[in-house]
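Below are the chains, spelled out letter by letter.
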Amino acid sequence: MSTMSTISVEPPEVQSHASDGAIFVDQTGVRRRVWAVLGTTVSLAALAYLALLVAAVLTSTGPGSAS
Amino acid sequence: MRGLVAQLRWFVVAIVGTAFVASLFVAGYTHRLIGDSGTGPASTARSALPPGAGPVLTFGARNSVRTQNLPPHTVALTFDDGPDPTWTPQILRVLSQAHVPATFFVVGSRVLDHPGLVRAEVRAGDAIGVHTFTHIDLTSHSVTQDGIELSLTEKAIASAAGITSSLLRPPYSATPDAVTPADLARWQKVASAFHIVLATRDSEDWQRPGVAQIVRNALPRPGSSTGTVIMFHDGGGNRAETVAAVRTVIRLARQQGYRFVTVPQAIHRAAMAPATRTVRWEGDALFLAERIAIWLSRVLGLCLLLLTALSVLRAALMVVVAHRQRRRETRQAPRPLPFMPSVSVIVPAFNEEVGIASTVLSLARSDYPRLEIIVVDDGSTDGTAGMVATLRDRVSSLRLVRQPNSGKARALNRGIAQSSGQILVLIDGDTVVEPDTISRIVAPFADPGVGAVSGNAKVGNRGGLLGRWQHIEYVMGFNLDRRLFDLTNCMQTVPGAIGAFRRDVLRATRGVPTETLAEDTDLTITIGLMGWRIAYQGTARAWTEAPSTLRGLWRQRYRWAYGTMQAAWKHRRAIGSPAVTGPGGATTRLGRIGLPYLLVFGVLLPLLGPLVDVFMVVGLVFTSPTETLLLWGVFNAMQFGLAAYALWLDGERLRTLWALPIQQIVYRQVMYLVVVEAALGALTGRRLRWHKLARTGSAGEALEASPVGSSG
C-alpha cells in the first residue's frame, strides 16, 4: 500500500536567511580592515626578522675576519 | 577578490610560519649539544711546529707561520669555554682580589646567553678571545661551517662588549708540540687573520683531578727561559676545583717571581679593538634574533609539554572508559525492546539523486515497526525528488516534502515540523542503515533522562587510501571519543549522519539551530547544556559516503572546523559552568569537561600540530636524534595502539592499520592546515557556505562486504 504524499512548501515571503551560519562573519567590514593592518604589520615584522637572520648568516660566511 | 584575500591570508601564514621555523632552527643551532670541554693530546709524533715553538701562532704570506713565546718570567692565565653564570663570576672575583689580569676564550653561543659577563671581563681589564660559537673541533667540520662559527662569535662579542678580538684558541687544542699538519692547514685556511693562542701548561682542570693536581699541572716549569700560557676552563662543567686552584697558582707563581699579563700584553699586539658600527649592528641583530628564537622555543616547548601530557592522559582515559562503556552496551544489547515509541526518520536531501534510493530502501528494510520516513528535498536541481517518487510503490509511510533551497538545518526543521513521531531520527541523504539500526538507536530513550542518542557512523567507501584514513579516523572518533563522552555525560556532537532526538527536546531547542555551519554540534551542545543526557549507541550503525577526493575532504573538514569554532564561540559563556541536572534527572558536564575538551583537542591541538612536527625536525637535526626518534616512535605506537583498540571494539579488521603510518605523515598535516585556515577565516570574518560534495552513491559498499554485516 502506498501512503506516500508530497508536500510542496512555498518560500517564506519575508524571512531572511542572512543570519544563517553568520557567527564570525564580518558584517561591517571593520574587522577586515583591522586584520589587513594587523596582517601587514605581522608580515613585515616576520620579514624583518627573516632579513635579520639572513643578514647574520650571510655576513658570517667565509674565513674568520678578526675584524 | 575573495581568492586574492585568501591567498594573502596564506601569504601571512607562510611568512610568519617561515620566520617561526627559522627561529626554531636558530635556537636549535645556538643551543645544540655543545662539544664537551677538553684538550687534545699533550704531544704528537709528527708535530707541524719545530721543537721549542712558542704558543702564539701568527700566519704570514705564502703559508708562513711565525711562533712567538711570552717574555721570561711572565704568566698568562687563560680560561676557555665560558662565560658561565656560576663559575666565571667566581674566577673574576679571585682575579680581582689578586689584581691579576687574564685572557678569556669565549664560546659565542654562551656569550649571547650571558653578555654581561663578557662586559665584566672587559671592564676588569681582561682580554677576550674567540673559542668558536658552539665549541666545535675546527678540523672535523667544513671550512664554511668553521667560518660561520668564528664570525658568529666575533659578532656575539661585538654585541656584548663592543669590541673585536684577533685572538683564537681552537677547541681541543693544547700545546705547540701537539699541533698536527692537518690542524695547522685548517687554521691557516679559516683563521689566518687570527693569532692562534695555544698553551704551554695544560692544567687539565676539565678532568677534575683535584686541586693539588691542577696546581701541579699549571705551575710554570722551574727554570723556564720563556713565559708561560696556562690553560684553565671557566665553563663547560663544575669548575669549583679550578677556582680554588687558580688562587693557589697565583700565590705560588708570585712567590717564584712571575708577573701576570694578558696574551695581548705579552705579545705586544693590539689584539682587541673597538668594533666597527657595522659589526656591532650585525652582532645586535644576531643577539636579537637569538633571543626571539629562544623565547619562542621556550613557549612552544611548554605548550608541547602540556599538550603531550594531556594527550597521554586522554589516551589512557579512553582505553579504560571505552572498555567500560562497551561492556555496558554489550550487556544491554540482547534484551528485547520493551520501549517502542513512534519514530520519524527525517532525511534532508540536496542533490542526492545517486544515493537517496539506497538510503530510503535501507530504512524500509528496518525491523522497527512504527516508522515514518520523511525525505525533505531542499530544492535539489537534480532528480532527487523524482527518485524518491519512484519508491512510492515499494516503501510504505514514505513522505516527500519539497522546499526551495534553504540549507540543511532548515530542511531538518521542515521535516521535524511535518513529522509525528515521539522520537526523531535524523540521517543524511548519503547514508544507509542496517535493519536493526533504528531499534538500537531508540533503545536508550527508555531512560527518561536521555534526550538524544548518537549512532555509530561508518565510512562506506573505504577502498582507496583516503577512504581508509577516514575509516580509521571515524572508528577512533566513534569508539573512543564518544564512548568517553557517553560515560562522562559530556557529548559534544551527535553526528548529522545518524542521530536520534526526543521530540520534546527538539521542541525545547526550537528545532535545529541555523546560526552555525556545524548544526549537529551546536544542537548537541544546546541539548547537553539543558541537562539532558546524550548517549552513544555503538551498535546503531549507519554507513555514510566520505569524500573521495582531497579537495572534497578539505571542503568538508573546513566546514566542520569552522562550524565547531562557531558552536564553541556561541556557547562560550557555558565554558567552566557547573554540572547541569536536566528534566529527566540526568547530570551533564559540558561546561567543565565537554567544551574545554572540544577547544583543546578540536581546535588548539590541531592549530599547534604543524609546530609539533617542526619541533621534531629541529630536535632530530640539532639536539638528540635518538631521543627525538624515540619520542616520535612512542607517539606513533600510542596512536597505533589506540587505532587497533578502536577497530577491535568496533569489530573491524585490523589489517586496515597498514595505512596508519602514512596517515601520520600526510593526512594529519592536511587536517591541521584545514583547522588553521578555518581559524583564519573565523578571525577575519569570512563567510562560509555549504559546499555540496560530489556523490557517487557508494555509502553501502562496505556494508555489503563488512564482516559485521547487517546485524552486528
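A brief look at the structure comes next. (Residues numbered from 1 in each chain as written. Chains lettered and ligands numbered in written order. Predicted model: local features only at pLDDT ≥ 70, side-chain atom pairs only at ≥ 80, totals over all residues. Heavy atoms only, no water.)

Residue and element names in this part refer to chain B. In this structure, the amide linkage connecting Gly82 to the following residue, Pro83, adopts the cis form with an omega of 0°. Positive phi outside glycine occurs at Tyr172, with the angle close to 70°. Of note, Tyr172 is situated in the loop between β7 (167–168) and α6 (181–190). (Helix = DSSP H or I, 4+ residues; strand = E, 2+ residues; numbered from the N terminus.)

Our focus in this paragraph is the packing of aromatic side chains. All names here are of chain B. The tally for this structure, following the rule as stated, stands at eleven aromatic pairs over all chains. Arranged with centres 5.1 Å apart and planes meeting at 90°, the rings of Phe485 and Tyr597 form a pair that is edge-to-face. Of this pair, Phe485 sits in helix α15 (residues 465–488) while Tyr597 sits in helix α19 (residues 590–622), and the two are 112 residues apart along the sequence. Neither residue differs from the other here; Phe485 and Tyr597 are each classed as buried. Arranged with centres 4.8 Å apart and planes meeting at 50°, the rings of Tyr597 and Phe601 form a pair that is tilted. Of this pair, Tyr597 and Phe601 both sit in helix α19, four residues apart, roughly one helical turn. According to the relative accessible area criterion, Phe601 is buried, its value standing at 15%. For the cation-ring pair, Arg314 lies above Phe601, with the distance from its terminal atom to the ring centre recorded as 4.4 Å. The ring of Phe478 carries Arg482 above its face, with NZ or CZ at 4.1 Å from the centroid. (Phe/Tyr/Trp six-rings, centres within 6.5 Å; stacked < 30°, edge-to-face > 60°. Buried < 20%, exposed > 50% of the residue type's maximum accessible area, 1.4 Å probe, protein only. Lys NZ or Arg CZ within 6 Å of the ring centre and 35° of its normal.)

What follows covers the pairing of strand β15 (residues 398–403) of chain B. Residues and elements named next belong to chain B. For β15, the tally of buried residues reaches five of six residues, placing the bulk of the element in the interior. Of the strand pairs in this sheet, strand β14 (residues 371–378) and β15 are connected by six bridges, and their pairing is parallel. Note that in β15 the partner of Ile373 across the bridge is Leu398. (Pairing = 2+ DSSP bridges.)

The quantities given are spatial measurements derived from coordinates; they are silent on function.
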